[in-house]
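Observations on the model geometry
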2 protein chains.
Amino acid sequence: MKTEEISRVLFEKGLKVTPQRIAVYEAVARLNNHPTAESIIKYIRKTYPNISTATVYKVLDAFTEKGLVNRVKTEKDMMRYDAVLESHHHLYCSETDRIEDYHDEQLDNILKNYFEEKGISDFKVEDIKLQIVGKFLKS
Amino acid sequence: MKTEEISRVLFEKGLKVTPQRIAVYEAVARLNNHPTAESIIKYIRKTYPNISTATVYKVLDAFTEKGLVNRVKTEKDMMRYDAVLESHHHLYCSETDRIEDYHDEQLDNILKNYFEEKGISDFKVEDIKLQIVGKFLKS
DNA sequence: TGTCAAAAGAGAATCATTCTCTTTTATAAA
DNA sequence: TTTATAAAAGAGAATGATTCTCTTTTGACA
Ligand SMILES: [Mn+2]
Ligand SMILES: [Mn+2]
Ligand SMILES: [Zn+2]
Ligand SMILES: [Zn+2]
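Residues numbered from 1 in each chain as written. Chains lettered and ligands numbered in written order. Predicted model: local features only at pLDDT ≥ 70, side-chain atom pairs only at ≥ 80, totals over all residues. Heavy atoms only, no water.

Examining the overall build of chain A
When helices and strands are counted, chain A shows 5 helices and 5 strands. Reading chain A from its N terminus to its C terminus gives the helix and strand order α-α-α-α-β-β-β-β-α-β. For chain A, the spread of C-alpha atoms along the three principal axes comes to 50 × 40 × 25 Å. The proportion of buried residues among the 139 residues of chain A is 40%. (Helix = DSSP H or I, 4+ residues; strand = E, 2+ residues; numbered from the N terminus. Buried < 20%, exposed > 50% of the residue type's maximum accessible area, 1.4 Å probe, protein only.)

Following this line, the structure appears as structure tokens:
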């Protein structure tokens, strides 16, 4: 996504357009493996050495609030962020912190149909994600 | 699970049987809604007022290591624990921190068959859980 | 019963995240 | 354009869940 487009999205969400916000958005999108705040800050500082930690956290909160990024659920203490907005699933490595996206339209349809028919009593489903835990082969 | 049985399980896992460990196990099992360390400590102190915070954390780590409890993935800073060992899914409230179990054998079979046939390239699946986000109706 | 490695306890330390306060800036009105 | 101003950024302190360190206690086994 180019800078101009990011600006437009920020504006549309009612967020002031600042260089810091553009940098944070670019970082999360570029570091496309569900980065921590720490790795986002590290990445941004390569080209913007003085950005404040607090700013990054505040921007990430604002983005989460507005649905511009999502938090990824983990069992760890450090939050992770995701710029991929379309609902998708995650492959979690059972040995490392690696998390990869898993998109599968066929699976989504199966789940959608299953829950449309079956439902869950006393619960209104808004989103369904799979956490697929295992080991990455190769790489 | 009665005390004697907990003792047996601890022994089988190679863990020394201590009153603290039994208390922690009982707390996690009794507080069956994926409690935080804080709520576990609070619960235990009602009958065991002097247990140390560090002990509870260390016991929870040991239990996690040995597979006696599981950590539950969330988007929050506080870890949550689960004494239900059989693989199951979770209903997450999108407004509160409530997390409930969702067991569904039929669904498990569908998923099992789906992934047995389709597989995921370069990934060996060990476990699949659904995070079902939405709203609890009533209660 | 004595031995001893493991566990518990107390409290300090850690560190990811949040907060507070000041300065800067994006935005829009004049 | 300049100006006003609320919002955002920055610096650094504070917070709080969790971990660590060190000492004391204890469960397990001989
Ligand atoms: Mn914290
Ligand atoms: Mn923390
Ligand atoms: Zn993702
Ligand atoms: Zn559960």
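From this point, the discussion proceeds with the structure in view.
Observations regarding the coordination of the manganese ion (ligand 2)
All names here are of chain A. Distances from the manganese ion (ligand 2) to its protein donors, Asp 77 (OD) and Asp 77 (OD), fall within 2.7 Å. Between the two metals, the manganese ion (ligand 2) and the manganese ion (ligand 1), the spacing is 3.4 Å. Positionally, Asp 77 belongs in the loop between β1 (70–72) and β2 (80–82). (Donors = N, O, S within 2.8 Å, 3.2 Å for Na, K, Ca; no water.)

As for the protein's contact with DNA strand D
In the region of DNA strand D, 23 residues are neighbours, and Thr 18, Gln 20 and Thr 55 of chain A together with Tyr 57 and Met 79 of chain B sit closest. Atoms of DNA strand D within 4 Å of the protein: sugar and phosphate make up 74%, bases the balance. Here a phosphate oxygen of DNA strand D sits 3.1 Å away from a polar atom, N or O, in the side chain of Thr 55 of chain A. Contacts to DNA strand D include Met 79 of chain B, whose backbone N or O atom sits 2.8 Å from a phosphate oxygen. No other element matches helix α4 (residues 53–66) of chain A, which puts 4 residues into the surface near DNA strand D. (Near = heavy atom within 4 Å. Polar contact = N/O pair within 3.5 Å; in protein donor to acceptor, adjacent residues only side chain to side chain.)

Some details on the packing of helix α3 (residues 37–45) of chain B against helix α4 (residues 53–66) of chain B
All names here are of chain B. Two elements in contact, α3 and α4, have axes whose closest approach is 10 Å; the angle formed by their N-to-C orientations is 120 degrees. Classified by the interaxial angle, the pair formed by α3 and α4 is oblique. When the axes of α3 and α4 are compared, the crossing they make is right-handed. Contact with α3, carried on its side by Ala 37, Ile 40, Ile 41, Ile 44 and Arg 45, involves Thr 53, Val 56, Tyr 57 and Leu 60 of α4 and no other residues of that element. (Axes fitted to C-alpha atoms, helices over the stretch in contact; angles between N-to-C directions. Parallel < 35°, antiparallel > 145°, perpendicular 65-115°, else oblique. Left-handed = near helix turned anticlockwise from the far one by under 90°. Contact = heavy atoms within 4.5 Å.)

Topic: the relation of the copies chain A and chain B
Note on the chain copies: they are related by a rotation about an axis and a translation along it. Turning chain A through 180 degrees and shifting it by 0.0 Å along the axis lays it on chain B, with an RMSD of 0.0 Å. With respect to symmetry, the two chain copies, as superposed, fit the operation of a two-fold axis. Proximity to the rotation axis, assessed at the C-alpha, singles out Leu 130 of chain A in chain A; its C-alpha lies 2.2 Å from the axis. Taken together, the interface assignments show that 100% of the residues at the interface of chain A recur at the interface of chain B, consistent with an identical surface on both copies. (Least-squares fit on C-alpha atoms with pLDDT ≥ 70 in both.)

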